[in-house]
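# Summary of the model geometry
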Amino acid sequence: MSTYQLGLEFALELDENDALAAYRKQFHIPKDKNGNHLIYMTGNSLGLQPKNTQSYLNQELTDWANLGVEGHFEAKNPWLPYHEFLTESMAQVVGAKPIEVVVMNTLTTNLHLMMVSFYKPTQKRYKILIESDAFPSDKYAVESQLRHHGFDHKEGLVLWQPREGEELLRYDDLETILEEQGDEIALIMIGGVNYYTGQYFDFKRITELGHKNGCKVGFDCAHGAGNVQLNLHDSGADFAVWCTYKYLNSGPGSLAGCFVHERHAHNKNLNRFTGWWSHNKQTRFTMRDEFDQLPGAEGWQLSNPPILSMAAIKASLDMFHEVGIEKLVEKSKKLTGYFEFLLKTLGEDVIRIITPENPKERGCQLSIQVKNADKSLHHKLTETGVITDWREPDVIRCAPVPLYNSFEDVYRLVEKLKRILK
């Protein structure tokens, strides 16, 4: 939509004409002590619970109670192959082939497992390039990999930094880094959508640039999966990892996802840490066979999966499969575009949006700086029933999620912000 209007009536009209509006009713929306729905804008931190999650979990609890160990084969959704029930839907969400995707472990664990395989330093080529304001866990993980291989984690870490006075990263600067240090960089590992600014990077451009310079390339898609069209296969990236508890609504601390490009699917010579669940399914239970690597992303699994967590993921993914990531992104652009329009009416001398203006370079999140504000502004918003996310030193992150946020939510948030600022 190119033209937005002011006023509540316009927001209600947008909701009335929204083809996905009914999905809001399929989520538990938190309420205040008076029973009024809160304006929940932190799906970028923890997604809301789908109402069908409880029945999916209850199914597994019932089968466990009634079947015990036989549930591995006899449950309504047999536990032994349970992770396979998630693969096709997850592959559609992240733009990959089923052989390239597996749900397993947690985010940083998967990142380390990927670096075991794709960070292969030599004395000449050992550096790791990340964005300067990467999510802390990514920075800690790559630093520890450098130390593990005997390198100085400060000297071996190359930072892609914004220019002075700017927040967003420029590809020209990445190209310059690679021209100067490309033959020393073993791995480029970028947060696909930056947690702080909301900048959505061009995966294909970064991957081609990295490969041209002999680097392996991976992405942390924690803020991208379920938010933007990642097109991981077409990007050519070597690997990607993501969590499922943000935009994928699987519950706090739930399992993560992992992508390994199909060109690596049958390479048994790739170094990796292995476990029981990455062994050939046909002979896994003969127990005494020599290790026989599974092809594809499944070949990075270690242990049998936690079914209760996977049940919650299945509840969410079934909804994503029903809606389709394309329709979600289409609504997301309208919703965030409307949010941006309303924020700009407050005046650039009051509000500054540091997230890219181009909808192709962001997801649903807008990161807002309010002139002369501190965390007290965030507290005041919370007191009015708006749940947002404060990040030091001065940014409020707001993510209107297309599955459960409405245009009315966005309108009322900006009205509350306006009153607080006055």
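These lines cover the structure that appears in this document, whether it is placed above or below. A quick note: this is a predicted structure, and the numbers were derived from the prediction, not measured. (Residues numbered from 1 in each chain as written. Predicted model: local features only at pLDDT ≥ 70, side-chain atom pairs only at ≥ 80, totals over all residues. Heavy atoms only, no water.)

## Quick look at the overall build of the chain
Assigned secondary structure in the chain consists of 13 helices and 13 strands. In terms of overall dimensions, the chain has a C-alpha envelope of 70 × 60 × 35 Å along the principal axes. By residue count, 55% of the 422 residues in the chain fall in the buried class. Of all intrachain contacts in the chain linking residues separated by at least 6 positions in sequence, the fraction that spans at least 24 positions is 69%. Accessible surface, the chain as shown: approximately 19,000 Å² in total, 49% of it carbon and sulfur. Side chains of the chain carry 46 positive and 56 negative charges; the gap between the two charge centres is 2 Å. (Helix = DSSP H or I, 4+ residues; strand = E, 2+ residues; numbered from the N terminus. Buried < 20%, exposed > 50% of the residue type's maximum accessible area, 1.4 Å probe, protein only. Contact = heavy atoms within 4.5 Å. Areas by Shrake-Rupley, 256 points an atom, 1.4 Å probe, with all protein chains shown as cover. Lys, Arg positive; Asp, Glu negative; His and termini not counted. Charge placed at Lys NZ, Arg CZ, Asp CG, Glu CD.)

## Remarks on the state of the cysteines
Structurally, a disulfide amounts to a covalent bond that connects the sulfur atoms of two cysteines. Within the structure shown, the criterion is met by zero disulfides. Looking at the unpaired Cys221, the closest cysteine sulfur is the one in Cys243, lying at 10.0 Å. Residue Cys398 stays outside any disulfide, its sulfur separated by 10 Å from that of Cys364, the closest cysteine. (Disulfide = S-S within 2.5 Å.)

## Regarding the sheet that holds strand 9 (residues 351-353)
An order of 9-10-13-12 is seen for the four strands of this open sheet, with the pairing classed as antiparallel. The open sheet is flanked by strand 9 and strand 12 (389-391), the only strands paired with a single partner. Across this sheet, the average inter-strand angle for adjacent strands is 30°, counted without regard to direction. Contacting strand 9, strand 10 (366-370) and strand 13 (395-398), helix 11 (residues 325-344) runs over the sheet at an angle of about 10° to strand 10. (Pairing = 2+ DSSP bridges. Axes fitted to C-alpha atoms, helices over the stretch in contact; angles between N-to-C directions.)

## So, the packing of helix 12 (residues 375-383) against helix 13 (residues 407-421)
Running from amino to carboxyl end, helix 12 crosses helix 13 at an angle of 125°, the nearest separation of the two axes being 10 Å. With respect to each other, helix 12 and helix 13 are oriented oblique. You can see that helix 12 and helix 13 cross each other, and the crossing is right-handed. The residues of helix 13 that touch helix 12, namely those facing Leu377, Lys380 and Leu381, are Leu417, Ile420 and Leu421. Grouping the amino acids of the contact of helix 12 with helix 13 by side-chain chemistry returns five nonpolar, no polar and one charged. (Parallel < 35°, antiparallel > 145°, perpendicular 65-115°, else oblique. Left-handed = near helix turned anticlockwise from the far one by under 90°. Nonpolar A, V, L, I, M, F, W, Y, C, P; charged D, E, K, R; others polar.)

## Here we look at the sheet that holds strand 7 (residues 239-243)
Hydrogen bonding along the main chain pairs the strands of a sheet, whether they run parallel or antiparallel. Pairing is mixed across the open sheet formed by seven strands, whose spatial order is 2-8-7-6-5-3-4. Sheet topology places strand 2 (101-104) and strand 4 (157-160) at the edges, where each strand pairs with a single neighbour. Sheet twist, expressed as the mean angle between neighbouring strand axes with direction ignored, is 20°. Across five bridges, strand 7 lies against strand 8 (residues 256-260) in antiparallel orientation. Each residue of the ladder has a partner; that of Val241, found in strand 8, is Cys258. On the sheet, helix 4 (residues 84-94) packs against strand 2 and strand 7 and is oriented at approximately 115° with respect to strand 2.

## Some details on helix 13
Taking 1.5 Å of rise per residue, the 15 residues of helix 13 would be expected to cover 21 Å, and the 21 Å separating its terminal C-alpha atoms lies within 8% of that figure. Every buried residue of helix 13 is accounted for by Phe407, Asp409, Val410, Tyr411, Leu413, Val414, Lys416 and Leu417. (Expected span 1.5 Å × (residues − 1).)

## Overview of the packing of aromatic side chains
In the structure shown here, the tally under the stated rule is 18 aromatic pairs. Taken together, the ring pairs connect Tyr4, Phe10, Tyr338, Phe341 and Phe407 into an aromatic cluster. The ring of Trp300 carries the charged tip of Arg272 above its face, separated from the ring centre by 3.8 Å. Over the aromatic face of Trp277 sits the side chain of Arg284, whose NZ or CZ is 4.1 Å from the ring centroid. (Phe/Tyr/Trp six-rings, centres within 6.5 Å; stacked < 30°, edge-to-face > 60°. Lys NZ or Arg CZ within 6 Å of the ring centre and 35° of its normal.)

## With respect to the pairing of strand 5 (residues 185-191)
For strand 5, a buried count of seven out of seven residues is recorded, marking the element as mostly surrounded by other parts of the structure. For strand 5 and strand 6 (residues 216-220), the ladder comprises five bridges, and the chain directions are parallel. What sits directly across from Leu187, in strand 6, is Lys216. What joins strand 5 to strand 6 is helix 8 (residues 203-212), and the crossover it makes is right-handed. (Right-handed = clockwise from strand over helix to strand, strands pointing away.)

## Brief notes about the pattern of salt bridges
Two side chains of opposite charge can pair, provided their charged atoms sit close to one another. Tallied over the entire structure, the rule returns 23 salt bridges. When the shortest N-O distance is used, the salt bridge between Arg391 and Asp389 registers 3.0 Å. Through salt bridges with shared partners, a single network forms among Glu340, Lys344, Glu357 and Arg362. (Salt bridge = Lys/Arg side-chain N within 4 Å of Asp/Glu carboxyl O.)

## Considering the side chain of Ser117
One can find Ser117 in helix 5 (residues 107-118). The buried category is assigned to Ser117, whose relative accessible area is 2%. Within polar-contact distance, the side chain of Ser117 engages the side chain of Trp300 at 2.9 Å. (Polar contact = N/O pair within 3.5 Å; in protein donor to acceptor, adjacent residues only side chain to side chain.)

## Brief notes about the pairing of strand 8
By the criterion of burial, strand 8 is predominantly enclosed, with five of the five residues buried. Because side chains alternate across strand 8, one face comprises the buried residues Ala256, Cys258 and Val260, and the other comprises Gly257 and Phe259, equally buried.

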